[in-house]
Amino acid sequence: MTAAVREFVAGLDSEAFPAYVYDLAELRSQLEAVRTALPPRVELYYAAKANPEAAVLTAMRGIVDGYEVSSGGELAHVHEVVPEARLAFGGPGKTAAEIALALRTGVHRWHVESVQEIHQLAGALTATPDVTLDILLRVNLPVTAGSLDSVSLAMGGRPSPFGLDPEGADECMRLLSGPLGEQLRLQGINAHLASGLGASEQLLLAEQIVEWSKLFAEHYGHTLNEVNVGGGMAVDYADPGARFDWTAFGAGLEKLLDWHPGLTLRLEPGRALTAYCGWYVTEVLDVKRSHGEDFAVLKGGTHHLRTPATKGHDQPFTVLPVTAWPHPWQRPAARGLVTLTGQLCTPKDVLASRVPVGVIRAADRVLFELAGAYAWNISHHNFLMHPPPTFHFLP
Ligand SMILES: *Cc1c(COP(=O)(O)O)cnc(C)c1O
């Protein structure tokens with residue numbers, strides 16, 4: 001944890017827990033390091049779905065080149081918080097209302113996810129023939145999974161509802177070859193194919209996406225202006241000190257760009273940009289032994305921090321000991337391997353399972369790390385109707 005967070009948490013009263021604490025100065029300095037590691041011809045967009053807190057979006061102003069939004073809700077929210085920002089609008093299953101909103105708001109890039117979406121856009125634009133839209137086709141292109149064995153290609157190179165198969169991209173090109181192509185101006189390709197990739201794997205993927213896009217564009221005699229190679233940069237929950245190697249990735253992208261003069265690359269990471277700037281902090285309500293195993297029951301739980309339950313990992317944490325024990329009875333405590341649960345009446349409410357702690361006692365504080373992305377905003381807040389956490393943004 002950062003010094004600012006440590007000091008802030010030490011000063012919090014018990015009633016403030018559970019609490020989300022964000023260190024925005026830390027976020028900015030990490031983002032600046034990422035930006036510095038990337039060549040100028042690489043644009044850095046932030047995928048807002050990882051953490052759309054207004055203070056987080058605002059803190060990124062001037063460091064990121066834009067924001068990727070994947071719903072009408074995200075689009076309206078991000079546009080309100082950072083009105084001057086460039087937006088890339090993606091996401092499957094865009095409704096007529098979302099399309100109308102995006103056209104009203106104006107987006108910098110539109111990521112087309114299906115053949116039907118071209119028809120929907122053509123329909124929505126008939127009334128305004130002078131309006132043009134810069135689009136990328138989001139393609140679920142074939143990547144040689146053999147070279148990417150160690151990763152989960154969760155979204156691409158296999159059946160998925162995301163993006164177009166290459167045949168669908170061909171059909172889009174047929175539709176765009178007429179006058180519609182002057183209104184929907186194809187700038188290039190978007191491919192978000194995987195998540196949890198290290199720098200060398202991510203680079204391999206980027207090379208394959210650029211290569212495929214180049215051949216695709218050449219086939220149609222089209223100038224390829226830009227390729228958005230997606231997000232998915234790894235965050236290692238088992239090793240919170242590890243970081244995606246942006247320097248190596250940036251150097252690799254620079255070489256790739258040397259081979260493709262005139263091409264702009266764009267990235268749209270979420271998790272790897274904000275995971276490290278947020279903490280979920282709470283206190284131990286009870287410690288108990290059950291059939292030979294120890295459990296610490298924490299105030300809050302996976303309805304606030306669902307990440308470990310959805311991803312199946314132990315959320316890394318630090319125990320902050322509290323000396324005072326105001327009660328006349330013996331303080332519940334455990335040593336060695338302990339399972340950290342929340343207050344929900346389900347066995348799935350586990351934040352970390354059978355993890356070593358020196359000692360953990362009722363009233364101690366627990367600070368979970370890597371809680372700045374896909375944490376509060378993906379959690380099922382109303383299940384069991386416990387009160388929400390408090391939120392704190394350190395400037
Ligand atoms: C979720 C998402 C991202 C961001 O992914 P991370 O794993 O958070 O980096 C980028 N692009 C698209 C299209 C997404 O759906």
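Being a predicted model, the structure only gives us computed values, none of them experimental. (Residues numbered from 1 in each chain as written. Predicted model: local features only at pLDDT ≥ 70, side-chain atom pairs only at ≥ 80, totals over all residues. Heavy atoms only, no water.)

What follows is about the packing of helix α4 (residues 72–81) against helix α5 (residues 96–105). In the contact formed by α4 and α5, the axes pass within 9 Å of each other and the chain directions differ by 25 degrees. Judged by the angle between their axes, α4 and α5 are roughly parallel. The hand of the α4/α5 crossing is left-handed. Contacts between α4 and α5 involve Gly72, Leu75, Ala76 and His79 from the former and Glu98, Leu101, Ala102 and Thr105 from the latter. (Axes fitted to C-alpha atoms, helices over the stretch in contact; angles between N-to-C directions. Helix = DSSP H or I, 4+ residues; strand = E, 2+ residues; numbered from the N terminus. Parallel < 35°, antiparallel > 145°, perpendicular 65-115°, else oblique. Left-handed = near helix turned anticlockwise from the far one by under 90°. Contact = heavy atoms within 4.5 Å.)

This part covers the domain arrangement of the protein. Under the domain assignment, the protein is made up of domain 1 (86–269) and domain 2 (276–394). Computed from C-alpha coordinates alone, the two centres of domain 1 and domain 2 are separated by 38 Å. Each partner contributes to the interface: domain 1 provides seven residues, whereas domain 2 provides ten residues. Together, the buried faces of domain 1 and domain 2 total about 660 Å²; carbon and sulfur atoms form 67% of this surface. A per-residue breakdown of the area domain 1 buries against domain 2 is headed by Tyr237, Pro240 and Arg243, which together make up 82% of the total. Here domain 1 is connected to domain 2 by zero salt bridges. Looking at side-chain class alone, the side of domain 1 that touches domain 2 contains five nonpolar, no polar and two charged residues. (Domains from an automatic or database assignment. Buried area = accessible area lost by both parts, 1.4 Å probe. Salt bridge = Lys/Arg side-chain N within 4 Å of Asp/Glu carboxyl O. Nonpolar A, V, L, I, M, F, W, Y, C, P; charged D, E, K, R; others polar.)

Where strand β11 (residues 293–298) meets strand β13 (residues 333–341), four bridges bridge the pair, whose relative direction is parallel. The residue of β13 that forms the bridge with Phe295 is Thr339. When β13 meets strand β14 (residues 350–361), the two strands line up antiparallel, connected through eight bridges. What sits directly across from Arg335, in β14, is Val359. (Pairing = 2+ DSSP bridges.)

If you check the shell around the ligand, you find Ala47, Lys49, Glu68, Arg138, His192, Gly231, Gly232, Glu268, Pro269, Gly270, Arg271 and Tyr374 and nothing else. Take Glu268: an N or O atom from its side chain is 2.8 Å from a nitrogen atom of the ligand. At 2.5 Å, a side-chain N or O of Tyr374 approaches an oxygen atom of the ligand. Notes on the ligand: free accessible area 390 Å², of which the protein chains cover 93%. Broken down by class, the residue content of the shell around the ligand amounts to three nonpolar, four polar and five charged. (Near = heavy atom within 4 Å. Polar contact = N/O pair within 3.5 Å; in protein donor to acceptor, adjacent residues only side chain to side chain. Areas by Shrake-Rupley, 256 points an atom, 1.4 Å probe, with all protein chains shown as cover.)

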